[in-house]
Amino acid sequence: MIKKKKLPESNCETCEFYDWDDDMQENVCIANLDEDEFYRAMSSPRCPFYKYYNEYKSVQKQN
C-alpha cells in the first residue's frame, strides 16, 4: 500500500515521488514510507528520500 504524505519542501517538484492526488486536489509525496521513515523525513530540513526524476533518462539510454 502506498502512503500519500506531505513532506517538507525540498525540491519536491523534481522528485520522482511527487505526484498529483485527485482526491486531495494537490501534489503529494507517494513514496512508500513506514512510520519511522516518515518521521525522519518530517524532522529533516531536506527529504532523505528525494530521488531526482529525469523524464529523458530512457531516451538517453536509447541513443
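Here the structure is a predicted model, which means the values were calculated and not measured.

Asker: An account of the overall build of the protein chain is needed here, citing residue identities and associated values.
Answerer: Secondary structure assignment for the protein chain yields 2 helices and 2 strands. Counting from the amino terminus, helix and strand elements in the protein chain follow one another as β-β-α-α. With 63 residues in all, the protein chain has 21% of them scored as buried. Taken as a whole, the protein chain presents about 5,200 Å² of accessible surface, with 48% of it coming from carbon and sulfur.

Asker: I'd like to hear about the pattern of salt bridges, residue by residue, with values.
Answerer: Under the counting rule described, the total for this entry stands at 1 salt bridge. Between Lys51 and Glu16 there is a salt bridge, with its nearest N and O atoms 3.9 Å apart. Residue Lys51 is found in the loop between α1 (35–43) and α2 (57–62), and its partner Glu16 is found in the segment before β1 (18–21); the two are separated by 35 residues along the sequence. On the accessibility criterion, Glu16 (36% relative accessible area) is partly exposed.

Asker: Requested: an account of the pairing of strand β2 (residues 26–29), with residues and values cited.
Answerer: Strand direction decides the pairing type here: β1 and β2, joined by 4 bridges, are antiparallel. When the sheet's bridge partners are listed, Asp21 is paired in β2 with Glu26. Counting the residues between successive antiparallel strands, the hairpin from β1 to β2 contains 4 residues, one of them, Gln25, with a positive phi of roughly 55°.

Asker: Now, about the environment of Thr14: what can you tell me, with residues and values included?
Answerer: Counting through the fold element by element, Thr14 comes out in the segment before β1. Separated by 36 residues in sequence, Thr14 and Tyr50 have C-alpha atoms that sit 8.8 Å apart. Once residues lying within four places of it in the same chain are set aside, the contact partners of Thr14 are Tyr50, Lys51, Tyr52 and Tyr53.

Asker: Can you break down the environment of Asp22 residue by residue, with the values?
Answerer: Here Asp22 lies in the loop between β1 and β2. In this structure the side chain of Asp22 is engaged in a polar contact, spanning 3.0 Å, whose partner is the side chain of Trp20.

The rules behind these values
- Residues numbered from 1 in each chain as written.
- Predicted model: local features only at pLDDT ≥ 70, side-chain atom pairs only at ≥ 80, totals over all residues.
- Heavy atoms only, no water.
- Helix = DSSP H or I, 4+ residues; strand = E, 2+ residues; numbered from the N terminus.
- Buried < 20%, exposed > 50% of the residue type's maximum accessible area, 1.4 Å probe, protein only.
- Areas by Shrake-Rupley, 256 points an atom, 1.4 Å probe, with all protein chains shown as cover.
- Salt bridge = Lys/Arg side-chain N within 4 Å of Asp/Glu carboxyl O.
- Pairing = 2+ DSSP bridges.
- Contact = heavy atoms within 4.5 Å.
- Polar contact = N/O pair within 3.5 Å; in protein donor to acceptor, adjacent residues only side chain to side chain.

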